[in-house]
Amino acid sequence: MSDETSDRKSSAAPGLFRSASGQPQQRRPKARKQQLTRAGQPIDRRQRLRIPPHHVTKQTPHDRVHNWDEVYYGYTAGPAMFEAQRCIQCPAAPCTQACPIDNDIPGALAFLELGKLADAAAIFRQTSEMPELCGRLCPQEALCEGSCVVGKNAKPVAIGKLEAFLGDWDRERRGGFPIPKPEIETGQRVAIVGSGPAGLAVAEQMRAAGHGVTVFEAWPSAGGVLRYGIPNFKTAKDIVDEKTDALVSAGVEFRFETRVGVDLNWDELAQWDAVFLAHGASLGKRLGLDGERLARVYSATEFLVRANLGDEILPAALRGTPDVGRQVVVVGGGDTSMDCVRSAVRLGAEKVTLLYRRTENEMMGREEERRHAREEGVLFEYLTTPVGLISKNGAVVGVECVRMSLGEPDDSGRRRPQPMPGSEFVIDCDAFIVAVGYDVGRDVYGDSGIDVNDWGEVLVDEHGRTSRPSVFAGGDNVIGADLVVTALRGAHDAVPAMLAYLEELRIEQALSMAAG
């Protein structure tokens, strides 16, 4: 396929650029007037609406339950160009408006359909540090694809799969992710706590601006939720490795197995000129049931990291494949619970059951994940909640459950589940997994002087500033457990304010030295 992109465009650094005034600015989608015509002729939107979707192929359920490879094979160039032609180039671009990081989706697809793959990939990299990961992990049906005009009467354009294809193609062409190359070295230092999506994004932007960057990570390897929270069958970990390698090549320093407040106190952290908190929300919620500490009762995080990762990148306490036996019960209703049930299937469990206290209509996770789980043999018990665990010889052997009915809506707008008297029953199980959400936890901050709410989430202004000077925050530790793309949005909100703060600090220090 043709690709007419110049080297200058295809190697442009993603993220921030400098305006005529020299101030850092966040890239925003450019006007697309030139994209509304092809060879001087107006786009025939009605004709485009008649183009059938080109589906991405994937492993069969029979095959994929026996491996940990990604379910989807992904697009190749020809089919991707064909699918991109289904975009009708809406002037209002509702897909872009629905994207938390303002990806110029019509702009990228306009280049893609012409075979200008490098130009298309560069459009996505202008606003995203990791389009290949967002393309795999975003709930597009609730964001860009959910707002796609084509989707009102047909299947929406496969925006996520196209974004992932372009990111993969671009990395293969380059030999990895783009490496930030600062024009100057400022001599200023930035500390980043956490190496998940928000932390990696800020590390890239700060290094591109010429600041020294040190990333502190509690786990033995980088990636945060990208590595330690998401199963291999949803995204291959070599993508995370390549992202980290690019940052290391740019001069970013990673310090692993280092917990702020434990291995590094807040006074030591103050030695850096600015700090960005991006440690996410990884404290698994509990059900409050007697027996949650029995053998073969797992939190979602413990279960997923032990199931999906090798011992060499796990703490000693989390090594070894989890013992699931023949029958597994998982409680939860989001994507993490789907990750757990599907991992249990791959570990060889013969019967895997999900318990959810509401109906599928109220579930928060992706429909695609639930569909994949059903295809892989997972059983769903809706309107069901666990009320107790049954043990034998110190290990769980069963779950006491009760049926629920839905009452009046609660604060979330979803109908509140209520137990039905006399509906108790027992499900036998060899392993029980709790996947009911995550909190940040208040213990992280101690005497840091950083204000948090009752759930331990950091309080920030619209620019990511915390109550402690020089400390900024973004991602799940600010908004609660959410999406990769919303973590990136938190990073993007904070970066301009961080750069402005560092510039003001540099001027103050220069004036102080001149006066002294």
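In this text the structure is predicted, and so the values were computed from the model without any measurement.

Next up on the list: unusual backbone geometry. A positive phi angle, near 60°, is found at Asp102, a position not held by glycine. Within the chain, Ser470 stands out as a residue other than glycine whose phi angle is a positive 80°. For Ser470, the position within the fold is in the loop between strand E19 (438-439) and strand E20 (471-473). With relative accessibility at 18%, the residue Ser470 sits in the buried group.

The five strands are arranged E10-E18-E11-E12-E13 in an open sheet whose pairing can be described as parallel. Each edge of the sheet is formed by a strand with only one pairing partner; in this case those strands are strand E10 (297-299) and strand E13 (379-381). This sheet shows a mean twist of 20° between the axes of neighbouring strands, independent of strand direction. Taken together, the five bridges between strand E11 (residues 327-331) and strand E12 (residues 351-355) define a ladder with parallel strand orientation. Bridge pairing in E12 links Val331 to Leu355.

Of note, Arg342 is situated in helix H15 (residues 335-346). A C-alpha to C-alpha distance of 9.0 Å links Arg342 and Gly377, two positions 35 residues apart in sequence. In terms of polar contacts, Arg342 uses its side chain to reach the side chain of Glu376, at 3.0 Å.

Further remarks concern the sheet that holds strand E6 (residues 212-216). With parallel pairing, the five strands of this open sheet are ordered in space as E7-E6-E5-E8-E20. The outermost strands of the open sheet, each flanked by one partner alone, are strand E7 (253-255) and E20. Put simply, the sheet's adjacent strands are angled 20° from each other on average, direction ignored. Relative to strand E8 (residues 274-277), strand E5 (residues 189-193) is paired through four bridges, and the arrangement is parallel. Of the residues in E8, the one forming a bridge with Ala191 is Val275. Strands E5, E8 and E20 of the sheet are contacted by helix H18 (residues 484-515), whose axis makes an angle of about 170° with E8.

Structurally, a disulfide amounts to a covalent bond that connects the sulfur atoms of two cysteines. Applying the stated criterion across every chain yields a total of zero disulfides. Of all cysteine sulfurs in the structure, the one in Cys429 sits closest to Cys340, which takes part in no disulfide; the separation is 14 Å. Counting only cysteine sulfurs, Cys401 is the nearest neighbor of Cys429, a cysteine outside any disulfide, at a range of 8.7 Å. Relative accessible area serves as the criterion here: at 2%, Cys429 is assigned to the buried category.

Tallied over the full model, the rule gives 37 salt bridges. Residue Glu132 pairs with Arg171 through a salt bridge whose shortest N-O separation is 3.4 Å. With Glu132 in helix H8 (residues 131-137) and Arg171 in helix H9 (residues 159-174), this pair connects stretches of sequence that are 39 residues apart. Residue Glu132 shares its accessibility class with Arg171, and that shared class is buried. Where salt bridges share partners, they join Glu70, Arg125, Glu132, Arg136, Asp168, Asp170, Arg171, Arg173, Arg174 and Glu242 into one cluster.

Another point: the confidence of the model for the chain. For the chain, per-residue confidence averages 91 on the pLDDT scale, and residues scoring 70 or more make up 92% of the total. Within the model, pLDDT remains below 50 along residues 1-35, and this stretch shows 69 contacts once partners closer than five positions in the same chain are excluded.

Glancing now at the packing of aromatic side chains. Tallied over the entire structure, the rule returns eight aromatic pairs. Here Trp219 and Tyr228 contribute two aromatic rings whose centre-to-centre distance is 4.2 Å and whose plane-to-plane angle is 20°, an arrangement assigned as stacked. Accessibility classification places Trp219 together with Tyr228 in one group, the buried group. Relative to Tyr501, the ring of Phe472 lies with its centre 6.0 Å away and its plane at 65°, an arrangement referred to as edge-to-face. Pair noted here: Phe472 is in strand E20 and Tyr501 is in helix H18, with a separation of 29 residues, a long-range link. With a relative accessible area of 3%, Phe472 lands in the buried category. Against the face of Tyr72 rests Lys161, its NZ or CZ located 4.2 Å from the ring centre.

About the cut-offs
Position labels on residues start from 1 in each chain and follow its written sequence. Totals for whole chains, interfaces and linings use every residue, but because this is a predicted model, local features are given only for residues with pLDDT of at least 70 and side-chain atom pairs only at 80 or more, for both listing and counting. Computation of side-chain values covers all heavy atoms of the structure but excludes hydrogens and water. Going along the chain from the N terminus, every DSSP run of H or I of four or more residues is numbered as a helix, and every run of E of two or more is numbered as a strand. Any residue under 20% of the maximum accessible area for its type is buried, any over 50% is exposed, and the rest in between are partly exposed; the area is computed with a 1.4 Å probe on protein chains only. Strand pairing follows a simple DSSP-based rule, namely that at least 2 bridges must link the two strands. Axes here mean lines fitted to C-alpha atoms, for a helix over just the part in contact, with angles spanning 0 to 180 degrees between N-to-C directions. Pairing of N or O atoms within 3.5 Å defines a polar contact, subject to two protein rules: one partner must be a possible hydrogen donor and the other a possible acceptor, and residues neighboring in sequence count only if both atoms are side-chain atoms. Any two residues whose heavy atoms approach within 4.5 Å are treated as being in contact. A pair of sulfur atoms, both from cysteines and within 2.5 Å, is called a disulfide here. For this document, the term salt bridge refers to a Lys or Arg side-chain nitrogen within 4 Å of an Asp or Glu carboxyl oxygen. A residue's pLDDT is the confidence the predictor assigns to it, expressed on a 0 to 100 scale. For Phe, Tyr and Trp, where Trp contributes only its six-membered ring, two rings pair if their centres lie within 6.5 Å, and the inter-plane angle classes them as stacked under 30 degrees, edge-to-face over 60, or tilted in between. By definition, being over a ring means that NZ of Lys or CZ of Arg is both within 6 Å of the ring centre and within 35 degrees of the ring normal.

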